[in-house]
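Take a look at the letters that make up each chain.
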Amino acid sequence: MIRTQIIAGTVCLLSLFAAGAAHADESPTAGHASVAGLLGYGFKDGVGLGLGARGGYTLPMNVYIGGTLVYHLGKSEGGFSEHITYLGVEGGYDLVAGPVIVRPYVGLGDAIVTVKTDVAGFGSLSGSAGNFAVWPGATVLYPLGNAFVGGDARFLIVNDLNALSLFATAGYQF
């Protein structure tokens, strides 16, 4: 099931890149490095509020190459807590759409799920597991000189943990 989702997401994103490459204007991000913060929410139990950072470079042909690190606070109930951290590389394509830039992308990397539980009479037990993760998504950026603001939507796929996450983003390009 997960393999099918990964393949479908990748095919959709590649078709967007191919369609955009045929008649894309040069993006104002082309030829610039950028850094940005992310603040949002993952809509799945155990994901929740998320904080992150992204950095990368947009090549002169509007191809974006970068990386991201995201930490979701997860949930904490009684003596049980769970959170997820994922980091990896991202690749996308910048499309100029009026005053905004739309960047469909795909990210690949490692997701670390950490679980901690309190066991009566024994203290607490905790464990972490790293898993391969993929997150197809799209970012919409509104340039403000060298700064930008925008939104980011992604679908995180990690084993059985599939979560839609929406983020606000703000950053600076050099």
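Anything mentioned here points back to the structure above.
Everything numeric here is computed off the predicted structure, so don't read it as measured data.

A.B. asks: How would you sum up unusual backbone geometry? Please name residues and give values.
C.D. replies: Positive phi, normally seen in glycine, also occurs at N62, with a value near 70°. Relative to the elements of secondary structure, N62 occurs in the loop between strand 2 (48–58) and strand 3 (63–77).

A.B. asks: Help me get a handle on the environment of G123, residues and values and all.
C.D. replies: Examined against the element boundaries, G123 turns out to sit in strand 7 (residues 123–144). Under the relative-accessibility criterion, G123 is labelled partly exposed at 41%. Not counting residues within four places of it along the chain, the set of residues in contact with G123 comprises T117 and D118.

A.B. asks: Please set out the packing of aromatic side chains residue by residue, giving values where relevant.
C.D. replies: The final tally for this structure, using the stated rule, is 3 aromatic pairs. Judged by centre distance (4.9 Å) and plane angle (55°), the ring pair of Y86 and W135 falls under tilted. Note that Y86 is positioned in strand 4 (residues 80–93) and W135 in strand 7, a separation of 49 residues in sequence. Residue Y86 is classed as buried on the basis of its relative accessible area of 0%.

Calculation notes
- Residues numbered from 1 in each chain as written.
- Predicted model: local features only at pLDDT ≥ 70, side-chain atom pairs only at ≥ 80, totals over all residues.
- Heavy atoms only, no water.
- Helix = DSSP H or I, 4+ residues; strand = E, 2+ residues; numbered from the N terminus.
- Buried < 20%, exposed > 50% of the residue type's maximum accessible area, 1.4 Å probe, protein only.
- Contact = heavy atoms within 4.5 Å.
- Phe/Tyr/Trp six-rings, centres within 6.5 Å; stacked < 30°, edge-to-face > 60°.

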